[in-house]
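Each chain is listed here by its residues.
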Amino acid sequence: MNYSIKKITAQETYIVRHPVLRQGKPIESCAFEGDNLETTFHLGIFHKDKLVGISTFLLSKHPLLSEELQYQLRGMAVLNEYQNLGLGKLILNHGENLLKKQNIQIVWCNAREKAANFYKKNGYKNIGIPFEIKDIGKHFVMYKSL
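First things first, this report covers the structure right here in the doc.

The rules we used
- Residues numbered from 1 in each chain as written.
- Predicted model: local features only at pLDDT ≥ 70, side-chain atom pairs only at ≥ 80, totals over all residues.
- Heavy atoms only, no water.
- Helix = DSSP H or I, 4+ residues; strand = E, 2+ residues; numbered from the N terminus.
- Rg over C-alpha atoms; globule rule 2.2 N^0.38 Å.
- Buried < 20%, exposed > 50% of the residue type's maximum accessible area, 1.4 Å probe, protein only.
- Expected span 1.5 Å × (residues − 1).
- Contact = heavy atoms within 4.5 Å.
- Salt bridge = Lys/Arg side-chain N within 4 Å of Asp/Glu carboxyl O.
- Pairing = 2+ DSSP bridges.
- Axes fitted to C-alpha atoms, helices over the stretch in contact; angles between N-to-C directions.
- Phe/Tyr/Trp six-rings, centres within 6.5 Å; stacked < 30°, edge-to-face > 60°.
- Lys NZ or Arg CZ within 6 Å of the ring centre and 35° of its normal.

Some points on the overall build of the protein chain
Of the regular secondary structure elements, the protein chain holds three helices and seven strands. Each helix and strand of the protein chain, placed in order from N terminus to C terminus, yields the pattern β-α-β-β-β-α-β-α-β-β. Relative to the globule expectation of 15 Å for 146 residues, the C-alpha radius of gyration of the protein chain, 14 Å, shows essentially globular dimensions. Looking at the 146 residues of the protein chain, the share that counts as buried comes to 45%.

So, in C-alpha cells, the structure goes:
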C-alpha cells in the first residue's frame, strides 16, 4: 500500500475538511475550537505525497461519560475519491493506538448520521439521543473504550 500516516497541523487539515465537511461554506469554518491546543493532535493519511484523509483528537470530556481520561475525535474525513478503501479505519486505528499509549480510557465523537455505521463497525456505541447541528444535520454521540 502506498499510504502513510503522520501528524499534521490544524491548518493542513483544511485541504480535506473543506470539501468533505464544510463544502459550500467559507474556509474559515474549517477552524475548529481547540484545534491549536497543546493537547490536540491532527493526523493525516497520505497517498504518496497527497493528503487524502484527516482526523483530529481533542482532550475533551463528554458529560454522559464518566471516565476521567477522554478524547474527542473531531473532523474525521476522507476525500470522496478515496472513500471505501479502508483509509478511515487505518487513520482511526492509528489515532486510537496513540491514545492508548497515553493511557486515555475513552474516545468519543459527534458522528454524522451517514457516518454512524462506520463507527459502529469500528467498535463505537451510541450514548444519549440524536441531535441536530444547524446546516449539517443529525448527529449521534458515539464512544469507544480503549
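What follows picks up the thread again.
Here we look at helix α1 (residues 10-21)
A rise of 1.5 Å per residue sets the reference length of α1, with its twelve residues, at 16 Å; its end C-alpha atoms lie only 14 Å apart and thus fall more than 12% short of the reference. Check the buried side of α1 and you find it contacts β1 (3-8), β2 (41-47), β3 (50-59), β4 (70-78) and β5 (106-112).

Here we look at the pattern of salt bridges
The tally for this structure, following the rule as stated, stands at five salt bridges. The residue E81 makes a salt bridge to K50 at a minimum N-O spacing of 3.6 Å. In this pair, E81 sits in the loop between β4 and α2 (87-101) while K50 sits in strand β3, placing the two residues 31 residues apart along the sequence. Residues E96 and K144 are paired through a salt bridge, measuring 2.9 Å at the closest nitrogen-oxygen approach. One end of the pair, E96, is in helix α2; the other, K144, is in strand β7 (residues 137-145), with 48 residues separating them in the sequence. Here E96 matches K144 in class, with each residue buried.

Topic: the sheet that holds β2
Strands in a sheet are paired, the pairing made by backbone hydrogen bonds, and the direction either parallel or antiparallel. Across the sheet, which stays open at both edges, the seven strands sit in the order β1-β2-β3-β4-β5-β7-β6 with mixed pairing between neighbours. Two strands close off the open sheet at either side, each with one partner strand: β1 and β6 (125-133). On average, each strand axis in the sheet is inclined to that of its neighbour by 25°, with strand direction left out of account. For β3 and β4, the ladder comprises six bridges, and the chain directions are antiparallel. Paired with F57 across the two strands is L73, which belongs to β4. Against the sheet, α1 touches β1, β2, β3, β4 and β5, its axis set at about 105° to β3. Running over the sheet, α2 touches β1, β2, β3, β4, β5 and β7 and is turned about 145° from β2.

Some points on α2
With 15 residues, α2 should cover 21 Å at 1.5 Å per step; its first-to-last C-alpha distance of 22 Å lies within 8% of that length. Just beyond α2, the residue with positive phi is N103, at close to 65°.

A word on the packing of aromatic side chains
Evaluation of the coordinates by the stated rule reveals four aromatic pairs. Note on F118 and Y119: the rings are 5.1 Å apart at their centroids and 75° apart in plane angle, and the pair reads as edge-to-face. Ring centres of Y119 and Y124 lie 5.4 Å apart, and the angle between their planes is 65°; on these two criteria the pair is classed as edge-to-face. Across the pair, exposure class does not vary: Y119 and Y124 are buried alike. Among the aromatic residues, those joined into a cluster by ring pairs are F41, F57 and Y71. Above the face of the F46 ring, K6 is positioned so that its terminal group lies 4.9 Å from the ring centre. The positively charged end of K7 is found above the aromatic ring belonging to F41, 5.0 Å away from the centroid.

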